Amino acid sequence: MSLLTLKDIGKIYVSEGNVAVGIRGVNLSFDRGEFVAVTGKSGSGKSTLLNVISGMDSYEEGELFIEGQPTSHYMQKEWEEYREKYISFIFQDYNIIESFTVLQNVELSLMHIEDKKERRARALELLDRVGMTSHIRQKGSKLSGGQKQRTVIARALAKDSPIILADEPTGNLDSTTSDEIIELLREVSRDKLLIVVTHNFEQVEKCATRHIRIFDGAVESDHVISHSEISSDEKTVRSSSENKKKSSDFKKGLTLGKAIFTSKPKLSFFFCLLMIIGTLGIFMVTALCGDAAVLFEKNYMFEHIDGRVVITTQNGEVMSEEDLKAISEKYGAKEYLHYDILLEDYSNYMSFEHEGEEKYLRFCYTYRESFGEDIIGKYPQNNNEVFLYMPISYQPMFGKSSVEIENIYYGSMELKVTGVKYYYDNNLTPKCLFTKEGFRTVTALHYLFDSASNDIRVNVFASEGYLINEIALYNIVPSFDMKDGTAYIESGEYRKFVNTLYDKNYRTQISFTSHYYNYDYNNYGTQKALSFTRLIEDDCIVNVPPEMNRFDGYYDGSIIVSVSLLRDISEEVLERSYRQASLFFENDKEAHAAADKLNNDGYIAVTSDTTYTPEATTVIIGLIVGLMVAFMWLMAIVFLAFFIGLCSNRTIGAFKSDMAIMRSMGIPVKVIKTGMYVRMLIALIPAYILVIATAVLIFTTPKFNEFFTYLYAWQYAVIFIGMLILTFRITRGQVRKLFSESVKKSLKGGSAE
Ligand code: ADP
Ligand code: MG
């Protein structure tokens, strides 16, 4: 059985209505070890014959048998397999991949060898055989014609296919080089079928074993010149490599992709840049639009703390500390907090100014909050101590060590900062952490006065109901320290002070400025009671009758009290008026169970993870703003996708001829496609690394941290996967374009460029 048999093969070209006969009625049979010279006039059909044999052109008539198997039913995939297995093609214009080095060009044909070292060794061996050892690192474009053809021969040999087809391999070479090449071809293909098309028969005469003349598409003559010298053991050599471990198409694609990527450094660099711009662009847009995510966040009814239940009595009665403690024990709470108002989101922030900018810290206390071990300084122990938990952008204000940190003020209360911790996630709320007692103190202070004013005023009324002035006050209570018309009284003396006034028939009204209400401590007659009234403070001064104002000028009897006194007073107020408290359970699940029980037992209990529905207008505005931001984000992405697509389509020409050459070499389309995808994916790697590096830089640098919304791992995942999909789509489009044409057409088009 012959290796290759052509039976009545005919090929007709139809283009633009014209019909041209390529070859017709060709009957030929070939075997291993033959050196076949094909000659004929230009246009006689020599190339057509080789193209048909190589499977790069289809045939319309007859049948081509390979090892006895018919091929007329072959589809593209089978032809690819056929080419991969049987054919090596050597062209007149070399068709070397110019951007690849000599070594890469040969290794391209050795991709079936899985082991890298083995592949390299084999390539070097083949290059040595064609005398190219000294040029292995040279790029294809830098070689002379003869060197190119030697490389191509090495490449053809690398494939170790039984059939080598050469279409005027020396057509572009001078006669000495031509002789060398023919010599080389003969030498390397003793165990193969070699078919050489040439217009110069003399050149091949001494090597050829057979001479076929083509005329007008048909075989004119077919002479055997001498018998093949092939020995039987040489014939069996080729099968040895068949059993070796073969790499999968995917692995081949991977190798190819890497080679394509590195072979065009400028283009690859451009692509990396494009991907960097794209990915970084999406990252920046996302980070800048990130605030919009807040609009879709849940609205909690109370500051959400895992396991928190907020309770009140059903009739709105004030709950005492004892009541609360009893409830807490009864329902198995881990902890309770009586005055919990500061946990709520009613603009209850501790604020301070830094370089003209207002900074905020939310209140929290040590029972629930812990920020881990890696803190600067320590957690608070005492009443007047505070720990700050803040985004890295606050670092310039508080420094890098606890030593640097100055104390901060809340109203008139000086707070000692015991420690800080900075975080990078600027979506989190900055917090100031107190001990439970400290939390109670700031609550008392906060509850009584606006944090902007740092004194409270005690107005003293005469029994007639008129306010007296500061000099008169001095006369009434001379035992108290008065400076500049202001009385300073300490916590322990407060009762004494009030009682002295009471004994002398004066009544005191202590008013506190606060943004909700003024709470007045009244002392009328014999009945001492705390009353809770809404009061417009200015009234007190306006209503003073002129005859009581014995002095000209500003009329103000103020007394400065200490923080501890203020706390005592405010606690008295709170004890009689505060109607809400918090219980803390292990987690939200337990909190829900406890809340159900509490509700059954006549309390009003709400877990803090309960959402509430905001007003319709808020919802609608939020939705519109959210949609607009989302739309902007999408537009930015679409623009970037379009931009990347456009740029990469511009580069497609650079690959056209390379892809065609690879196909002509019998590298399966699947492998080449995988290679193209791999190449694009490699271009993505620097972009990903850069985005991560940029993110780390942005979010660890205080100045930048303020501007960009912190993104979470899943958001990076979305960006990265999005870029991946984008890259895949673009590459798919390119691949489709590249492979829509036949190999032959691509080769011609490619080499014409
Ligand atoms: P040779 O290689 O012997 O010079 P070819 O095989 O290239 O000849 O061409 C044989 C005939 O087929 C010629 O008449 C040529 O015009 C025609 N032919 C070859 N390729 C095509 C094609 N792609 N489209 C139309 N006609 C073609
Ligand atoms: Mg030709």
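Above this text you will find the structure in question.
Along each chain, the written sequence defines residue order, and numbers are assigned to residues from 1. A letter from A marks each chain and a number from 1 marks each ligand, given out in the order of writing. Selection of residues for local features in this predicted model requires a pLDDT of at least 70, selection of side-chain atom pairs for listing and counting requires 80 or more, and totals for whole chains, interfaces and linings are taken over all residues. In computing side-chain values, all of the structure's heavy atoms are included and hydrogens and water are not.

Caption draft 1: Seen up close, the pairing of strand β27 (residues 581-584). Burial along β27 is two-sided: the residues A581 and L583 and S582 and F584 are all buried. Looking at chain direction, strand β11 (residues 308-313) and β27 are connected through 4 bridges and run antiparallel. Residue pairing for β27: V310 is matched across the bridge by S582. Alignment of strand β12 (residues 335-337) against β27, held across 3 bridges, turns out to be antiparallel. Exposure is judged per residue with a 1.4 Å probe applied to protein chains only, and the accessible area is read against the type maximum: over 50% gives exposed, under 20% gives buried, and values in between give partly exposed. Note on conventions: DSSP H or I runs of at least 4 residues are helices, E runs of at least 2 residues are strands, and numbering of each starts at the N terminus. We call two strands paired when DSSP finds no fewer than two bridges between them.

Caption draft 2: Up close: the site of ligand 1. The rule for a residue being near a molecule or strand is that one of its heavy atoms must lie within 4 Å of it. Close to ligand 1 lie 12 residues; G43, G45, K46, S47 and T48 are nearest. Measuring from an oxygen atom of ligand 1, one finds a backbone N or O atom of S44 at 3.3 Å. Residue-level accessible areas treat just the shown protein chains as cover; the underlying method is Shrake-Rupley with a 1.4 Å probe. Calculation on ligand 1 without its partners gives an accessible area of 550 Å², and the protein chains cover 66% of this total. Of all elements in the fold, only β2 (18-30) and α1 (46-54) reach the threshold of two or more residues within the shell around ligand 1. Per-element tally for the shell around ligand 1: the top contributor is α1, with 3 residues. Each residue gets one label: Ala, Val, Leu, Ile, Met, Phe, Trp, Tyr, Cys and Pro are nonpolar, Asp, Glu, Lys and Arg are charged, and the others, such as Gly, are polar. Each residue belonging to the shell around ligand 1 can be placed in one class, and the counts come to 2 nonpolar, 7 polar and 3 charged. N or O atoms within 3.5 Å of each other form a polar contact, as long as, within protein, one can give a hydrogen and the other can take it, and as long as residues adjacent in sequence are counted only when both atoms are side-chain atoms.

Caption draft 3: Quick look at the pattern of salt bridges. In the sections that follow, a salt bridge refers to a side-chain nitrogen of Lys or Arg positioned within 4 Å of a carboxyl oxygen of Asp or Glu. Inspection of every chain in the model, using the stated rule, returns 24 salt bridges. R122 is the salt-bridge partner of E125, the closest N and O atoms lying 3.0 Å from each other. Here the residue E125 and the residue R122 both occupy positions in helix α4 (residues 116-129), the gap between them amounting to 3 residues, near one helical turn. By relative accessible area, which is 47% here, E125 ends up partly exposed. Assessed through its relative accessible area of 25%, R122 is described here as partly exposed. For R308, the salt bridge identified is with D340, shortest N-O distance 3.2 Å. Of this pair, R308 sits in strand β11 while D340 sits in the loop between β12 and β13 (349-354), and the two are 32 residues apart along the sequence. A relative accessible area of 0% places R308 in the buried class. Look at the salt bridges and you will find they share partners, linking E84, D249, K252 and K670 into a network.

Caption draft 4: Spatial organisation of the environment of L711. With respect to the helices and strands, the residue L711 is situated in the loop between α22 (702-705) and α23 (713-739). Between the C-alpha atoms of L711 and T286, which are 425 residues apart in sequence, the distance is 8.2 Å. Once residues within four sequence positions are removed from consideration, L711 is found in contact with F283, T286, A287, F699, Y716 and I719. The contact criterion used throughout is that any non-hydrogen atoms of two residues lie within 4.5 Å.

Caption draft 5: Looking closely at helix α19 (residues 616-650). Relative to the 51 Å expected for 35 residues at 1.5 Å per residue, α19 spans 51 Å between its end C-alpha atoms, a close match to the ideal helical length. Within the sequence span of α19, burial applies to G622, G626, V629, A636, I637, L640, A641, I644, G645, C647 and S648. In this structure, the buried side of α19 is in contact with α10 (265-289), α21 (669-700) and α23. Multiplying 1.5 Å by the residue count of a helix minus one yields the expected span of that helix.

Caption draft 6: A look at a nonpolar patch on the surface. Note that patches include only residues with greater than 30% relative accessible area and no salt bridge, and the join distances are 9 Å for like charges and 5 Å for nonpolar side chains (Val, Leu, Ile, Met, Phe, Trp, Tyr). Taken together, F269, L273, I277, F639 and F643 make up a surface patch of nonpolar side chains, about 500 Å² in accessible area. Broken down by secondary-structure element, the contributors of at least two residues to the nonpolar patch are α10 and α19. At 3 residues, α10 tops the list of elements feeding residues into the nonpolar patch. With respect to the element layout, F643 can be found in helix α19. With a relative accessible area of 32%, F643 lands in the partly exposed category.

Caption draft 7: Molecular detail of a negative patch on the surface. On the surface, a cluster of negative charge is made up of E317, E322, D323 and E575. By the secondary structure assignment, E575 is in helix α17 (residues 563-577). Two residue types count as positive, namely Lys and Arg, and two as negative, namely Asp and Glu; His and chain ends fall outside the count. By convention, charge coordinates are those of NZ in Lys, CZ in Arg, CG in Asp, or CD in Glu.

Caption draft 8: Seen up close, the nonpolar core. Ranked by internal contacts, the top residues of the largest apolar core, which has 91 residues, are L4, L6, F30, Y82, F283 and M662. Here the element with the most residues in this core is α21; it accounts for 15 residues. Those residues in contact with L4 that lie beyond four places of it in its chain are L28, S29, F30, I53, L64, F65, I66, Y82, I163 and L193. Nine residue types can take part in a nonpolar core, namely buried Ala, Val, Leu, Ile, Met, Phe, Trp, Tyr and Cys, and a core is a set of them joined through side-chain atoms within 4.5 Å. Within the second largest apolar cluster, 37 residues are counted, among which are I90, L127, A156 and C207.

Caption draft 9: Spatial organisation of the packing of aromatic side chains. We call Phe, Tyr and Trp rings a pair once their centres come within 6.5 Å, taking the six-membered ring for Trp, and we label the pair stacked below 30 degrees between planes, edge-to-face above 60, and tilted otherwise. For the coordinates displayed, the defined rule picks out 23 aromatic pairs. Taking the centre distance of 5.4 Å and the plane angle of 45° together, the rings of Y365 and F439 count as tilted. Note that Y365 is positioned in strand β14 (residues 357-365) and F439 in helix α13 (residues 436-448), a separation of 74 residues in sequence. Of the two residues examined, Y365 and F439, each falls in the buried class.

Caption draft 10: Seen up close, helix α6 (residues 175-188). With 14 residues, α6 extends 20 Å between its outermost C-alpha atoms, agreeing within 8% with the 20 Å of an ideal straight helix rising 1.5 Å per residue. Of the residues making up α6, those classed as buried are T177, S178, I181, I182, L184, L185, R186 and V188. Those residues of α6 that are buried are in contact with β3 (35-40), β6 (87-90), α4, α5 (145-159), β8 (193-197) and α7 (201-205).

Caption draft 11: Molecular detail of the environment of V152. Tracing the sequence through the fold places V152 in helix α5. Judged by its relative accessible area of 1%, V152 falls in the buried class. Not counting chain neighbours up to four residues away, the residues in contact with V152 comprise F89, I90, Y94 and I96.

Caption draft 12: Structural context of the sheet that holds β3. Strand order across the open sheet formed by 6 strands is β6-β7-β8-β3-β9-β10, with mixed pairing between neighbours. Only two strands of the sheet have a single neighbouring strand rather than two, namely β6 and β10 (218-224). Each adjacent strand pair in this sheet contributes to an overall mean axis angle of 15°, direction not counted. Alignment of β6 against strand β7 (residues 163-167), held across 4 bridges, turns out to be parallel. Where helices are involved, their axes are fitted lines through C-alpha atoms of the stretch in contact, as for all axes, and angles between N-to-C directions lie from 0 to 180°.

Caption draft 13: Region of interest: the sheet that holds strand β4 (residues 61-66). Read across the open sheet, the 4 strands follow the order β2-β1-β4-β5; overall the sheet is antiparallel. Both outer strands of the open sheet, β2 and β5 (69-70), are each paired with one neighbouring strand and no more. As paired elements, strand β1 (residues 4-15) and β4 share 5 bridges and run antiparallel to each other. Looking at β4, one finds that G10 is bridged to E61.

Caption draft 14: Representation of the pairing of β2 in the model. Where β1 meets β2, 9 bridges bridge the pair, whose relative direction is antiparallel. Across the sheet, T5 pairs through a bridge with S29, a residue of β2.

Caption draft 15: Just the packing of helix α9 (residues 249-263) against α21, in detail. Interhelical geometry of α9 versus α21 gives an angle of 50° and a closest axis separation of 7 Å. With respect to α21, the axis of α9 lies oblique. Crossing of α9 against α21: the hand is right-handed. Contacts between α9 and α21 involve D249, F250, K252, G253, L254, L256, G257, K258, I260 and F261 on the former and, on the latter, K670, V671, I672, T674, G675, M676, V678, R679, I682 and A683. For the contact of α9 with α21, the residue count by class is 11 nonpolar, 4 polar and 5 charged. Angles below 35 degrees are treated as roughly parallel, those above 145 as roughly antiparallel, those between 65 and 115 as roughly perpendicular, and all remaining angles as oblique. Definitions for this section: a left-handed crossing has its near helix turned counterclockwise from the far helix by less than a right angle. A right-handed crossing has that turn clockwise.

Such coordinate-based values are descriptive only and should not be taken to indicate function.
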